Amino acid sequence: MNLPCIASQSASHPDAEEAILVDHVITPRAQPIDETVGAPFDARQAARDLLRTSRMAALATLDTTSGYPYGTMTNLSVEPQGMPVFYAAGLSLHARNILAEPRISLTLAQVSGLDVLNERRLTLVGRALPMEGADLAAARARYRRRFPKAATYTALKDARFFRVEVEGLHLNGGPARNTDALRPDDLRIDLTGAEDLMRHEEEEIARINADKRLIGPLSERAGGVRGRWKVTTIDPEGLDLAGEAAVARIWLPQRITSRAGLHAWIASVGGPTRV
């Protein structure tokens, strides 16, 4: 499946004229993948899992003068709707590059062994846009929950947060697990109808993290040691948790759009019956 260039659909974008000339943000390979030959796997779910459970990513920007790609490592946070977010100091080279040219690439990988080519890798390409106002405040709070030690540098005057509008992606699921069929929407979480839940997300997170009766069952469900993990994000399809050296994702069995629905689900997995 060919990936259309999302940017080409918006004539109001400052780079729209240039983008219209591009059919794909990731140029398809000359020989398409025959997915029937490889080992079967759920590519969409694998990509969603990798996005939600990666603590860091390789970030590539374009140097403002030479045009060469400039790579660095950065912490990765994820908004409830599934959009990647990262921090950058205003004086950093990658922040300078992004403010001049927002096109970037992020590569995510979870390496449990010594050979990264035997592990899943996800490459995202898109535009990194500075966050402002209420969106910035919420993203900063979410980032600090995910990375507790970040309070020291995210409070600096030149601290910046960028949200990535993903325009293309490619997943390598490991040996014999490849696909070109994924689209940016495969990573997105629909927040429609979940206004009650999302309006009180931070309040619910604080309540859960402060009560061992609540966080205990969730920690165990996420594979962590009881009481050692904290919830960082809540959305209609799941909860993100952070531990001392890892992050985890709990996917809900069905979509939840209200606080009442969240409370009922927590009770069903071992939390108190009244929360």
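Placed above this text is the structure.
Residues numbered from 1 in each chain as written. Predicted model: local features only at pLDDT ≥ 70, side-chain atom pairs only at ≥ 80, totals over all residues. Heavy atoms only, no water.

Enquirer: Would you take a moment to explain the packing of aromatic side chains for this structure?
Expert: Between two aromatic rings, the relevant description is the distance of the centres plus the angle of the planes. Tallied over the entire structure, the rule returns 7 aromatic pairs. For the pair Tyr143 and Tyr153, a centre-to-centre distance of 6.5 Å together with 80 degrees between the ring planes defines the contact as edge-to-face. Here Tyr153 lies in helix H5 (residues 151-154) and Tyr143 lies in helix H4 (residues 133-146), a separation of 10 residues in the sequence. Since its relative accessible area comes to 1%, Tyr143 is described here as buried. The exposure class assigned to Tyr153 is partly exposed, which follows from its relative accessible area of 24%. For the pair Tyr143 and Phe161, a centre-to-centre distance of 5.2 Å together with 80 degrees between the ring planes defines the contact as edge-to-face. (Phe/Tyr/Trp six-rings, centres within 6.5 Å; stacked < 30°, edge-to-face > 60°. Helix = DSSP H or I, 4+ residues; strand = E, 2+ residues; numbered from the N terminus. Buried < 20%, exposed > 50% of the residue type's maximum accessible area, 1.4 Å probe, protein only.)

Enquirer: Mind showing me how you'd approach the pairing of strand E9 (residues 230-235) here?
Expert: Regular strands place side chains that alternate from one sheet face to the opposite one. Along E9, 5 of the 6 residues are buried, which leaves the element largely enclosed by surrounding structure. Judged from the 5 bridges that link them, E9 and strand E10 (residues 238-242) form a sheet pairing that is antiparallel. Residue Thr233 lies in a different strand from E10, and its bridge partner there is Asp240. A loop of 2 residues connects E9 with E10, the two strands running antiparallel in sequence. (Pairing = 2+ DSSP bridges.)

Enquirer: Sorry, what's going on with the pattern of salt bridges here?
Expert: Pairs can form between side chains of opposite charge once their charged atoms are near each other. One pass over the structure, following the stated rule, counts 17 salt bridges. Here Arg44 makes a salt bridge to Asp186, at a shortest N to O gap of 3.5 Å. Of the two residues, Arg44 is situated in helix H2 (residues 43-52) and Asp186 in the loop between strand E8 (178-179) and helix H6 (195-199); the sequence distance between them amounts to 142 residues. Residue classification places Arg44 among the partly exposed positions, given a relative accessible area of 36%. The class of Asp186 is buried, set by a relative accessible area of 19%. (Salt bridge = Lys/Arg side-chain N within 4 Å of Asp/Glu carboxyl O.)

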